[in-house]
Amino acid sequence: MGSEIKEFCGLFGVYGVAEAAPLIYQGLFALQHRGQEGAGIVVSNGEKIKSVKGLGLVGEVFSKQPICDLSGKIGIGHVRYSTTGSTRIQNVQPLVAECADGIWAIAHNGNLVNATMLRRMYQESGSIFQTSTDSEVLVHILADPMFRNRPRRVERALGELKGAFSFLLMTKDSIMAARDPLGFRPLSIGKLGEAFIFTSETCALPLIGAAYIRDVLPGELVTVTASGLTSSMFCEKRDHYGQCIFEHIYFAHPDSHVFGKNVHEVRMAYGRRLAQEHPVDADMVIPIPDSGNSAALGYSRASGIPLDFGFIRNHYVGRTFIMPEDKQRKYSADMKLAVLPDVINGKRVIAVDDSIVRGNTMAKRIKMLREAGAKEVHVRISCPPVKNPCFYGIDFPTSEELVASSRTVEEIRQLMGADSLGYVSLEGILSPFDNPQDFCTACFSGAYPAAIESFEGKKALEKHS
Ligand code: SF4
């Protein structure tokens, strides 16, 4: 289930309001589900760049260090979970660096698969890295005279990167937004009056009264200055993209539109598909909250089996998968859900969740349902078995730890202690989309859409921390 997966980051940028920082603060709140380990806001008043960053949730970081000093019309913000680099303040983004031609701020969502190679190259030529993140290599490329003094500097710098990236870059008088050529991670553009907004997910736009305009395209660099918005491509157009299907399965907020579709609607479709592919006679459908909610509703509507709440979530425990420490994750998973014996006792239940990763958490949930008196427990999962690691910004466990990497569905069912177990097929998770070739499904299929430097590369970055 999603609670066993670690990712990732959220980006939010504003150009052209009276005060950018309060809007970025609100935007980061809406993106909090994308990272709970640290948060930062950097603003420019046209002359100076100031930043506030810290470890923890958005509310915690900015209550300890108020944003009232951050005055300026331009700004970018970031919520972080570390996919590379450890939990320390230096790694909290946006990163701010002074280059020969001015200050740059950088916020990144994704994972650069050639970061280790680039880092070694720059270190060998004398560069000193301040963080253990993969994102910092872009700062060094931008500062490199080979790039700095040539036209299309940012496009050329982005062209050096491989892997998954959505970036927000800021100078004292501009904001740039870019997505990698395969478009792994989402990044959208909104407008608030004359101001431009950039956000990892569209759910942040209505919160500040902004309207959605369009997505940043894969391979596109969008630049906003006092003259308005301009766009350029930094790579050849691809035949197909590698948009992360897991954004729809689990990561993104249900009220977001990601890669052109509403997340809740897609998850409902997965639930309907599950009901077609794995029907079972039962008394009720229960979601594993919150990640199973929409798919459970879809399953219930398609099957005609009533939906009920067998679990109640404690909302004061964070999303466990983005807590970096294993112990903290286990502790939070235990605290997170309470079972409702009055609903469950004597019933045949269908428990719907988004995914099974290690399998420990699902086994625990099934045990809870049995202890609450469930007569039968049928588990339905709104994605295929997760068999392979992700190199594009999602911190799945290693292959050995993935319960499906070396087991059949029947073996997993036995291990979990479920009466039956059904996953949506690969075809099923792509079925809501007209362009299935534009999605990455590598963690299920093993078909990685972008070359991987090596898994060791990802680990090697940790050694710098
Ligand atoms: S491997 Fe899986 S989690 Fe990673 S980008 Fe591809 S679909 Fe997303």
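Here the structure is a predicted model, which means the values were calculated and not measured. (Residues numbered from 1 in each chain as written. Predicted model: local features only at pLDDT ≥ 70, side-chain atom pairs only at ≥ 80, totals over all residues. Heavy atoms only, no water.)

If you trace the 7 strands from one edge of the open sheet to the other, you get β3-β2-β4-β1-β10-β9-β11, paired in antiparallel fashion. Looking at the sheet topology across the chains shown, the edges are occupied by β3 (49–55) and β11 (211–215). The average angle at which neighbouring strand axes cross in this sheet is 15°, direction not considered. Sheet analysis places strand β9 (residues 188–192) next to β11, joined by 4 bridges and oriented antiparallel. Across the sheet, G190 pairs through a bridge with Y212, a residue of β11. (Pairing = 2+ DSSP bridges. Helix = DSSP H or I, 4+ residues; strand = E, 2+ residues; numbered from the N terminus. Axes fitted to C-alpha atoms, helices over the stretch in contact; angles between N-to-C directions.)

Before going further, it helps to spend a moment on the sheet that holds strand β12 (residues 220–225). Spatially, β5-β6-β7-β8-β12-β13 is the arrangement adopted by the 6 strands of the open sheet, whose pairing is antiparallel. Two strands lie at the open edges of the sheet, namely β5 (95–99) and β13 (228–233), each paired on one side alone. Pairwise comparison of adjacent strand axes, ignoring direction, gives a mean angle of 20° for this sheet. Across the sheet, helix α4 (residues 136–143) is in contact with β5, β6 (102–112) and β7 (163–171); its angle to β6 comes to roughly 135°. (Contact = heavy atoms within 4.5 Å.)

Moving on, we come to the confidence of the model for the chain. Summing up the model confidence of the chain, the mean pLDDT is 90 and the portion of residues at 70 or higher is 90%. Contacts from residues 454–465, a stretch scored under 50 in pLDDT, to residues over four places away or in other chains number 30 contacts. (pLDDT = per-residue confidence, 0-100.)

In this section: the packing of aromatic side chains. The tally for this structure, following the rule as stated, stands at 12 aromatic pairs. Aromatic side chains F246 and F444 sit 5.7 Å apart centroid to centroid with 20° between the ring planes, which places their arrangement in the stacked category. Of this pair, F246 sits in helix α8 (residues 246–251) while F444 sits in helix α16 (residues 442–445); the two residues are 198 residues apart in sequence, bridging distant segments of the chain. According to the relative accessible area criterion, F246 is buried, its value standing at 1%. An angle of 65° between the planes, with centres 6.2 Å apart, marks the rings of Y392 and Y448 as edge-to-face. One end of the pair, Y392, is in the loop between β21 (376–381) and α14 (409–416); the other, Y448, is in the loop between α16 and α17 (455–462), with 56 residues separating them in the sequence. Grouped by ring-pair contacts, the aromatic residues F184, F391, Y392 and Y448 constitute a single cluster. Its guanidinium or amino end placed over the ring of F196, K191 lies 4.6 Å from that ring's centre, counting from NZ or CZ. (Phe/Tyr/Trp six-rings, centres within 6.5 Å; stacked < 30°, edge-to-face > 60°. Buried < 20%, exposed > 50% of the residue type's maximum accessible area, 1.4 Å probe, protein only. Lys NZ or Arg CZ within 6 Å of the ring centre and 35° of its normal.)

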